[in-house]
Structures are given as structure tokens and as C-alpha cells.
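# Coordinate analysis (summary)
The lines below spell out each chain.
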Amino acid sequence: SAATSVNANNATITGTAEANSFVQIFSDANNNGLIDGADAVVGSQQLTGGATSYSISVPLTQNAANNFTIRVTDAAANQSTLSDVPTITEDSTAPNAPTVVEVSPDPRTTAVTTPIAINFGESVTGLDITDFTLTRNGNPVTLTAAMLTGGGSSYSLDLSTVTGNEGQYELTLKSSGTGIVDAAGNELSVGTTETWTFISVTTTTTGPTPTVADTGQ
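### Focus on empty space enclosed by the protein
Counted under the stated rule, the structure contains one cavity of 30 Å³ or more. Estimates place the volume of the largest cavity at around 40 Å³. Every residue lining the largest cavity is listed: V100, I118, F132, L171, T172, L173, T192, T193 and E194. The set of elements that each furnish at least two residues to the lining of the largest cavity consists of strand 15 (167–173) and strand 17 (192–198). Residues that form the lining of the largest cavity fall into these classes: five nonpolar, three polar and one charged.

Below, the structure is given as C-alpha cells:
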């Protein structure tokens, strides 16, 4: 198995061992694969009746990497070498609000042709175009799924086709109901907003200045 992230007080470690063995799980504070220092038994199970499968619940330190080792003692009191359990990271912290790269220049005289970068502090899933709203002068602007690209912790939003009219724009990532979660299942609970202004520029053409002929008077 691979390292995992969970939002829980306990984790269940499962596996197989020789029939009727005694299985112990130890904490491994320095993750060196040994039993040393303050490492202690955090869970155990005596297999009986010829059983070879174990399932042991162990407590997790909150918002931290948790490491464990397993030792099996058979019915003849022979002890196995230690087995390492892939790191279990307890994560009960919701993702922070993402960083949205500011639209520049602002004010501006053209559409936003450079995709807007949206960066989360960690990998998330569940982000889609319905999690955003865009308004111009307070009126909703339609967004389509093709405008959003990316994955993991980095995304981009291409608004080049919907920001070419003058006005005050406001792009918002909603703070709730988005379904955006991190690897441990913690849901995003804070949004973010970016605003900018499109100003039309009127060019005035000035004709040549007339000249008056000298009449000699």
C-alpha cells in the first residue's frame, strides 16, 4: 500500500500473518523502522482459531504524519522482523483560499487575454466552472467548462472571450457548496474575489490647421 492522508482520529491497519500469531503495532516517531526511544505499542490483536488476517485500529496524532511498525510473534514465540507501515497523514484542516494572480494592467483597455492563474496551497479535487461567478457591472457573465484547465494545485481560467466590453468586472470563487476537497476530504470553506475595470478609449483625430494667405494689407 501507499502513503495516505485521512481526516480521522483513528486508522485501521490490516494484513495477514501466520495462523494464531500475536500482532503488535508500534509507533515509530522518527520513522526509522525500529522500536526505539518513546516508541510504544499502540494496538495489537491475538489471532485465534487458525485465523491469518488482522485488523487493528490505531490512534492518530492530528494534523501530523503518523508512522508505525508491525511485529508478529507466532505461537512458538518466534518474532518476525519489523514491517513498516506507509505513512498515514492525519489532515483535518480545510484548504486555504487559493491565490488568484491579479489581472494586470488594471484599469485596462483590452480583454483579459492571459489566462488567470488560480493556485491552491495543496492538491485539490472537485473544482469546476460552476464554482466561479463572473459579473460585469453587476450583471452575470456566462462561463463555460472549456474556460477552466489544470489540476492538482494549479488551475487556469481563460476569460478572453467574455471580457472584451467596458465595465467593472468581478470574478468570484465561491466559499461554500463547491465540493472542492483536499486529499483527506476536507472541504474548501473560504472563497476569493478578483476585480478589474475595462475602460474604452476614444481616439479623436485632429485635422490640419488651415493657413491664411498673406494679402499684403
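### Topic: the nonpolar core
If you look at the biggest cluster of nonpolar residues, it comprises 26 residues, and the most contacted ones within it are F120, F132, L134, L157, L159 and W196. Listing elements by their share of this core, those giving two or more residues are strand 9 (116–119), strand 11 (132–136), strand 14 (154–157), strand 15 and strand 17. With residues up to four places along the chain from it excluded, the contact list for W196 reads V103, D106, R108, V112, I116, L134, L159, T163, G167, Q168, Y169 and L171. Counting residues in hydrophobic clusters, the runner-up holds 15 residues, among them A11, V23, Y54 and I56.

### Considerations on the layout of surface pockets
In this model, the largest pocket occupies a volume close to 170 Å³. If you go around the largest pocket, you meet 13 residues; those closest to its centre are S1, T4, T12, V85 and I88. For the lining of the largest pocket, the secondary structure elements donating two or more residues are strand 1 (4–6), strand 2 (10–16) and strand 7 (83–90). Counting residues per element, the lining of the largest pocket draws most heavily on strand 2, at five residues.

### Considerations on the sheet that holds strand 12 (residues 139–141)
Strand order in the open sheet formed by four strands is 12-11-15-17, with antiparallel pairing between adjacent strands. In the strand order of this sheet, the two ends are held by strand 12 and strand 17, each with one partner. Within the sheet, the average angular offset between the axes of one strand and its neighbour, ignoring direction, is 25°.

### Some words on the environment of E170
For E170, the location among the structural elements is in strand 15. The exposure class of E170 is partly exposed, given its relative accessible area of 38%. A sequence separation of 29 residues divides E170 from I199, and the C-alpha atoms of the two residues are 15 Å apart. Apart from residues no more than four positions distant in its own chain, E170 is found in contact with T133, L134, T135, T193, E194 and T195.

### Description of the packing of aromatic side chains
Counted under the stated rule, the structure contains two aromatic pairs. A ring pair is formed by F120 and Y155, whose centres lie 6.0 Å apart and whose planes are at 80°; its orientation type is edge-to-face. With a gap of 35 residues between them, F120 in the loop between strand 9 and strand 10 (124–125) and Y155 in strand 14 connect regions that are remote in the sequence. Of the two residues, F120 and Y155, both sit in the buried class.

Criteria and thresholds
Residues numbered from 1 in each chain as written. Predicted model: local features only at pLDDT ≥ 70, side-chain atom pairs only at ≥ 80, totals over all residues. Heavy atoms only, no water. 1 Å grid on protein atoms, 1.4 Å probe; cavity = no way out; pocket = protein on both sides within 12 Å on 5 of 7 lines; lining within 4 Å. Points joined across faces, edges and corners; volume = space filled by probe spheres on them. Helix = DSSP H or I, 4+ residues; strand = E, 2+ residues; numbered from the N terminus. Nonpolar A, V, L, I, M, F, W, Y, C, P; charged D, E, K, R; others polar. Core = buried A, V, L, I, M, F, W, Y, C linked by side-chain atoms within 4.5 Å. Buried < 20%, exposed > 50% of the residue type's maximum accessible area, 1.4 Å probe, protein only. Contact = heavy atoms within 4.5 Å. Pairing = 2+ DSSP bridges. Axes fitted to C-alpha atoms, helices over the stretch in contact; angles between N-to-C directions. Phe/Tyr/Trp six-rings, centres within 6.5 Å; stacked < 30°, edge-to-face > 60°.

Honestly, it's all geometry; don't read function into it.
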